[in-house]
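Geometric and topological summary
One-letter residues, chain by chain:
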Amino acid sequence: MNFNKYYFFLSMFLIINIFISCGSDIASLIEEDAEPITYKFGYEESKYVFEEKKVGRGDTFGDILEKQGIDYPLIYEALEKTKNDVNFRVLQRGKPYTLIFTNDSIPSLKAFVYHPTIEGYSLIQLRDSIFGKTFKKDRTYKDLSASGTIDNSLYLTLQEQSIDPLLTYYLSDIYAWTIDFFRLDKGDKFKVIYTQAYVDDTIPVEITKVKAAYFIHKGVERYAFEYETDSIKGIVEYLDQDAKNLRRAFLQSPIKFGRISSRYNLRRRIPLYGNRIRPHRGTDFAAPIGTPILSTADGTITEVSYTRANGRYVKVKHNNTYTTQYLHMQKANVKVGQSIEQGDVIGWVGMTGNTSGPHVCYRFWKHGREVDPFRQKLPEAKPINESLKKKYLNDIVLIKSQIDSVIIKNKTSI
Ligand SMILES: [Zn+2]
């Protein structure tokens, strides 16, 4: 409502200006004296004092208002009256908010405005009439393309082009089952068509999705097209150029980002042990302490335990064939017997047990034998049925030609 008022005043101001510009001498005198009326969050800037602040650790709406001398009954009343219009239950630490005070000899708090992003704000007016409102700018969307040649990592290639790092996240998510992102080769190439959201038509706020992607790794071309495979349940998957699901029963890695610091190697020699062969039957992923560890597939927790060598660890039985284990955790997030889904956080990276640095040691059993998951042909997710496949291959013709026409950037051409 207040925002409408803002526009009302703004248009009034414009009308007055037009009037002045074709008016008398008196009017032009007024024009010289008249300061343009400006508003912030719907409040006239000259009539109020705006104090910009940031949410501190553990700050709540109640705390902030109490510090301004607002009594609890008023806080309660304000929250009750506005509960359908604003939600201040969780204020994110470090996000900006504004206190609006009356410009009197004794200033009093008129309103509280929380504006965590440039996309909008939520406001409670505390004086005169109590009301709340949430204002959100309209988004517009545009499909954009990006491409690159890997020199070091996907992240760095996209960073060099100043593209939102969220795109790295989306791509690694789409290809999590089919491409080992820890083992990309120099010269691997990719293309992507994604949707970018804007406010005020020009300010980018968020990449909302990837519509199509293309990756060439080890000479193998892999397309990925976003496709609704179940319109009733609203399930959206990424399928390749042959309508194969890019999802596998197992994730390639139990952590989203990090690097493989030691691979499965039965002939590993360690200087610390007199250069004797100490087989390494796991894959180590180095990552900072506290990094979430994900279960690589659906399953049931069979062990949550601690030993001197393993530190804190979790074991997951996926089915009668596969079992995985995750070692050196800082903390586990699951209990024995619990059912989990692929990608669920089962613990956090630590350095408990026999380890020299923070990492997760990922172990993989097939039919009770420890194997290297990267050398296994892992089972695919359920394929789509024949009639849907036909429809799919028809539906992707346009988007495929679009991504095919994207010219891949070389490192030198920015
Ligand atoms: Zn290990």
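Coordinates for the structure precede this section.
Residues numbered from 1 in each chain as written. Predicted model: local features only at pLDDT ≥ 70, side-chain atom pairs only at ≥ 80, totals over all residues.

Right, let's get into the overall build of the chain. When helices and strands are tallied, the chain shows eight helices and 24 strands. Evaluated residue by residue, the chain yields a buried proportion of 27% over its 414 residues. Counting only contacts in the chain whose residues sit at least 6 apart along the sequence, the fraction spanning at least 24 positions is 60%. (Helix = DSSP H or I, 4+ residues; strand = E, 2+ residues; numbered from the N terminus. Buried ≥ 20, exposed ≤ 12 C-beta atoms within 10 Å, placed from the backbone. Contact = placed C-beta atoms within 7 Å.)

Judged by pairing direction, the sheet is antiparallel, and its five strands sit side by side in the order β3-β4-β5-β6-β7 without closing on themselves. Looking at strand neighbours, the two that pair on one side only are β3 (48-54) and β7 (131-136), the edges of this open sheet. Between one strand axis and the next, the sheet turns through 15 degrees on average, direction left out of account. In this structure, strand β4 (residues 96-102) lies alongside strand β5 (residues 109-117), joined through five bridges in antiparallel fashion. Counted as the bridge partner of Leu99 is Phe112 from β5. (Pairing = 2+ DSSP bridges. Axes fitted to C-alpha atoms, helices over the stretch in contact; angles between N-to-C directions.)

Notably, Ala243 is not glycine yet its phi reads approximately 70 degrees, a positive angle. Summarising the element assignment, Ala243 is placed in the loop between β12 (235-239) and β13 (259-262). By the C-beta count within 10 Å, which is 19 here, Ala243 ends up partly exposed.

Let us now look at the nonpolar core. Inside soluble globular proteins, nonpolar side chains tend to come together where they are buried. One finds Val192, Ala213, Ala224, Ile293, Tyr326 and Val360 to be the most contacted residues of the largest nonpolar core, which totals 55 residues. Tallying contributions element by element places strand β10 (residues 203-217) first for this core, with six residues. The two domains that each donate at least three residues to this core are domain 2 (138-248 + 384-414) and domain 3 (259-375). Filtering out sequence-adjacent residues up to four positions away, Ala224 remains in contact with Ile174, Tyr175, Ala212, Ala213, Tyr238, Asp240 and Leu246. Listed in part, the 21 residues of the second largest apolar core include Ile75, Val86, Tyr97 and Val113. (Core = buried A, V, L, I, M, F, W, Y, C linked by C-beta atoms within 7 Å. Domains from an automatic or database assignment.)

Here five strands make up an open sheet; going across it, the order is β8-β9-β10-β11-β12 and the pairing antiparallel. Two strands bound the open sheet, and with one partner strand each, they are β8 (139-149) and β12. Averaged over neighbouring strand pairs, the angle between their axes works out to 25 degrees when direction is ignored. As judged from the 11 bridges shared by strand β9 (residues 189-199) and β10, these two strands associate in the antiparallel manner. Following the sheet pairing, Ile193 is matched in β10 by Ala212. Its contacts with the sheet put helix α6 (residues 166-174) on β8, β9, β10, β11 (220-230) and β12, and the angle it makes with β10 is roughly 40 degrees.

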